[in-house]
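Okay, here's what each chain looks like letter by letter:
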Amino acid sequence: MTGADAALVRAENVHKWFGQNEVLKGVSLHVARGEVLSIIGPSGSGKSTFLRCINQLETYQKGRIHVGGELIGFEDRGGKLVPLPNRRIVAQRRNIGMVFQQFNLFWHMTVLDNIIEAPMLVLGQRRSEAEATAMALLDRVGLAEKAHAYPMKLSGGQQQRAAIARALAMKPDLMLFDEPTSALDPETTGEVLNVIADLASSGMTMIVVTHEMAFARQVSDRVVLMENGKVDCEADPETFFRDQPSARLKAFLATIH
Amino acid sequence: MGFDWPFFWSRLTDPGDLYLIALGRTVLMAVLAMLLGLVIGVLVGFGRLSKFAPIRAVCAFYVWLIRGIPVLVLLVFFFSGLAAAGFFRFSDITLFGITMSASFQAAVLGLAIHEGAYMAEIVRNGIQAVQRGQIEAAKSLGMGTFQLTRRIILPQATRVIVPPLGNDFNHLLKTTSLASVIGVQEIFQLTESMSATTFKTFELLIVVSITYLALTTVWNVIQGLIEARLRRHERDEQPASLTARIGYYLWPRGDAAMERR
Ligand SMILES: Nc1ncnc2c1ncn2[C@@H]1O[C@H](COP(=O)(O)OP(=O)(O)O)[C@@H](O)[C@H]1O
Ligand SMILES: [Mg+2]
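None of the values given here were measured: they were computed from a predicted structure. (Residues numbered from 1 in each chain as written. Chains lettered and ligands numbered in written order. Predicted model: local features only at pLDDT ≥ 70, side-chain atom pairs only at ≥ 80, totals over all residues. Heavy atoms only, no water.)

With respect to the overall build of chain B
And step 1. The secondary structure content of chain B amounts to 11 helices and 2 strands.
And step 2. Each helix and strand of chain B, ordered N terminal to C terminal, gives the series α-α-α-α-β-β-α-α-α-α-α-α-α.
And step 3. In chain B, buried positions account for 45% of the 261 residues. (Helix = DSSP H or I, 4+ residues; strand = E, 2+ residues; numbered from the N terminus. Buried < 20%, exposed > 50% of the residue type's maximum accessible area, 1.4 Å probe, protein only.)

Let's talk about the site of ligand 1
All names here are of chain A.
And step 1. What surrounds ligand 1 is the set Phe-18, Val-23, Pro-42, Ser-43, Gly-44, Ser-45, Gly-46, Lys-47, Ser-48 and Thr-49.
And step 2. Lys-47 is positioned with one of its side-chain polar atoms (N or O) 2.8 Å from an oxygen atom of ligand 1.
And step 3. In this structure, an oxygen atom belonging to ligand 1 sits 2.5 Å away from a side-chain N or O atom of Thr-49.
And step 4. Relative to its unbound accessible surface of 560 Å², ligand 1 loses 61% to contact with the protein.
And step 5. Looking at the shell around ligand 1 element by element, the count peaks at 3 residues for helix H1 (residues 47-54). (Near = heavy atom within 4 Å. Polar contact = N/O pair within 3.5 Å; in protein donor to acceptor, adjacent residues only side chain to side chain. Areas by Shrake-Rupley, 256 points an atom, 1.4 Å probe, with all protein chains shown as cover.)

Quick word on the packing of aromatic side chains
When we look at a pair of aromatic rings, we describe it by the centre distance and by the angle of the planes.
Residue and element names in this part refer to chain B.
And step 1. Tallying each qualifying case throughout the model produces 10 aromatic pairs over all chains.
And step 2. Relative to Phe-202, the ring of Phe-3 lies with its centre 5.7 Å away and its plane at 85°, an arrangement referred to as edge-to-face. Here Phe-3, found in the segment before helix H1 (5-13), pairs with Phe-202, found in helix H9 (residues 201-230); they are 199 residues apart in sequence, far enough to count as distant.
And step 3. Relative to Trp-64, the ring of Phe-61 has its centre 5.7 Å away and its plane inclined at 40°; by these criteria the two rings are tilted. Taken together, the residues span about one helical turn, with Phe-61 and Trp-64 both in helix H3 (residues 53-67) at a distance of 3 residues. (Phe/Tyr/Trp six-rings, centres within 6.5 Å; stacked < 30°, edge-to-face > 60°.)

Here we look at the pairing of strand E10 (residues 205-209) of chain A
Residues and elements named next belong to chain A.
And step 1. Within E10, 5 of the 5 residues are buried, which leaves the element mostly enclosed by the surrounding structure.
And step 2. Side chains of E10 alternate between two faces, with Thr-205, Ile-207 and Val-209 and Met-206 and Val-208 buried alike.
And step 3. You can see the chain leave strand E9 (residues 174-178), run along helix H6 (residues 186-201) and come back into E10, and the turn it takes is right-handed. (Right-handed = clockwise from strand over helix to strand, strands pointing away.)

A few points about the interface of chain B and chain A
And step 1. Of the residues lining the interface, 27 residues belong to chain B; the matching set on chain A comes to 27 residues.
And step 2. For the pair chain B and chain A, the summed buried area comes to about 2500 Å², and 59% of that belongs to carbon and sulfur atoms.
And step 3. When the buried area of chain B at its contact with chain A is split by residue, Ser140(B), Leu141(B) and His233(B) rank highest and sum to 26% of it.
And step 4. One can count 2 salt bridges joining chain B with chain A.
And step 5. Among the salt bridges present, the one from Glu136(B) reaches Arg52(A), with a minimum N-O distance of 2.7 Å.
And step 6. Counting every contact that joins chain B to chain A gives 9 residue pairs in polar contact (both at pLDDT 80 or more).
And step 7. For the side of chain B that touches chain A, the elements supplying multiple residues, two or more each, are helix H6 (132-140) and helix H7 (145-175) of chain B.
And step 8. For the side of chain B that touches chain A, a count of residues per class yields 6 nonpolar, 9 polar and 12 charged. (Contact = heavy atoms within 4.5 Å. Buried area = accessible area lost by both parts, 1.4 Å probe. Salt bridge = Lys/Arg side-chain N within 4 Å of Asp/Glu carboxyl O. Nonpolar A, V, L, I, M, F, W, Y, C, P; charged D, E, K, R; others polar.)

Observations concerning the sheet that holds strand E1 (residues 7-18) of chain A
As a general point, the strands of a sheet are linked pairwise by backbone hydrogen bonds and lie either parallel or antiparallel.
Residue and element names in this part refer to chain A.
And step 1. Sheet architecture is open: 4 strands sit in the order E2-E1-E4-E5, paired in antiparallel fashion. On the outer flanks of this sheet lie strand E2 (21-32) and strand E5 (70-71), each paired with one strand and no other.
And step 2. Helix-sheet contacts for H1 involve E1, E2 and strand E4 (62-67), and the interaxial angle to E2 is about 60°. (Pairing = 2+ DSSP bridges. Axes fitted to C-alpha atoms, helices over the stretch in contact; angles between N-to-C directions.)

Section: the side chain of Gln158(A)
All names here are of chain A.
And step 1. Positionally, Gln-158 belongs in helix H5 (residues 156-168).
And step 2. Within polar-contact distance, the side chain of Gln-158 engages the backbone nitrogen of Ser-155 at 2.9 Å.
And step 3. Non-local contacts of Gln-158, meaning those with residues more than four positions away in its chain, are made with Leu-143, Lys-146 and Glu-191.

With respect to the packing of helix H2 (residues 17-47) of chain B against H9(B)
All names here are of chain B.
And step 1. Interhelical geometry of H2 versus H9 gives an angle of 45° and a closest axis separation of 12 Å. As far as their axial angle goes, H9 and H2 are oblique. In this structure, the crossing between H2 and H9 has a hand that is right-handed. Across the interface between the two elements, Tyr-19, Leu-23, Thr-26 and Val-27 of H2 pack against Val-207, Val-208, Thr-211, Tyr-212 and Leu-215 of H9.
And step 2. Looking at side-chain class alone, the contact of H2 with H9 contains 7 nonpolar, 2 polar and no charged residues. (Parallel < 35°, antiparallel > 145°, perpendicular 65-115°, else oblique. Left-handed = near helix turned anticlockwise from the far one by under 90°.)

Some remarks on the packing of helix H3 (residues 111-121) of chain A against H5(A)
Residues and elements named next belong to chain A.
And step 1. The geometry of H3 relative to H5 is characterised by a closest axis approach of 8 Å and an angle of 25° between their N-to-C directions. It follows that H3 is roughly parallel to H5 by the angle criterion. As for the relative orientation of H3 and H5, their crossing is right-handed in sense. In contact with Val-111, Asn-114 and Ile-115 of H3, H5 contributes Ala-162, Ala-165 and Arg-166.
And step 2. Taken together, the residues of the contact of H3 with H5 sort by class into 4 nonpolar, 1 polar and 1 charged.

Remember, this is a structural readout, not a statement about activity or role.
Structure (structure tokens):
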């Protein structure tokens, strides 16, 4: 499947076990280029695991995930899935950015060094080029004056904005956000959500796992409820939150309001 | 009887070429054993975390074996034991006009193998202290195993490893005195042979003690400097240690660089 209107992300019947524990029980989802998909759902329903399968921080055991037409993590040999060598998996991750709940900035580097590290190391950019891009990104997330600060000296919100800039510096086709504001104080949550909303309106393809319902409603093109390792329902945000098209969704939304 | 002050002062203020050469040997032995031990420690430390069970087993065996044998026994084993069994005999080597005696080589090797086992544990702890989230972030940015080991794991582990490693070197500086037993002419051996001829045993032992103290004190300052540099990321949060503060006075340039950040 090719062409501009093809889905950038196609997950088909994805299964994942941790030992005996089946965590993903056949997840199918499509995300079109430029689309923003929000995933909500109770804790332990497999949202993080699904995101982490997309960039192969976890390996799925059944089903298929395609990103940009490329099968992630495996080679299809006549219907049989053969794991790719690590080198190929590493290469596939380059086009997929990820933002973590705990920010995970490299604490031994300044903010600027955090951002230029992968572009120089992985993409072979010259320092001057990488720094110019990094400063532009820091400006965009409102952190230009913190370029030379170490992460430990920043607030959680500032760290998360720096982490977003770091992921964007690789110029990814797809951004994955795993509860980007769950570790933040209410005061700094807003500044991070604003940066993500700004990114969404710039046409970036994104999958956002979040507990911020107002944000999901405002920014997403589509919202999905995951429960117990499965997609329970999906709809455009208006329908999703107004009509609440499933009993489970009604129950879940009732627990958080 | 009594304390011979003039003799003591003359030994302390004018130790003579022989003593200075012996001092150089002590320091060189410690530095070489440390460097070699560090190489062993890094290899074995990583080996203990290898994906391959046989490698893990061999490395664990090495650590278990060496940590269970006294250094003194190791030194004698390398110098005399191997030769007595006909396995290997160290012989003098001359490099760039400097002769390394057989006993010196055996001492460096024995000390390095001893140090390596302790360093392997320190290195392993350091690697394990690197948080999973740091590695996942590096992976998500497209870094390969080698790249993220070199740029993320090693630098972060280093910050955990350096303080105990520095303490180890302090220990090693003094452990070199054991090499006197296999005939390395370092400061303790020289002290012993001089006291046999002068009978000024007490004075000479105080001189050699002061020498070791001076060595470890210099090292403490260097260690403080290194640690202060490695703690740049958390400065302001933690008050500088005493040694680090001494370091700032001795190395104002480094201080200015730190203030700028
Ligand atoms: N590394 C792991 N090993 C074993 N079980 C795991 C691991 N990661 C997650 N799980 C389990 O998988 C399930 C789904 O977890 P997760 O994807 O983190 O859910 P969510 O992000 O929706 O809260 C949970 O039951 C969790 O305990
Ligand atoms: Mg989660």
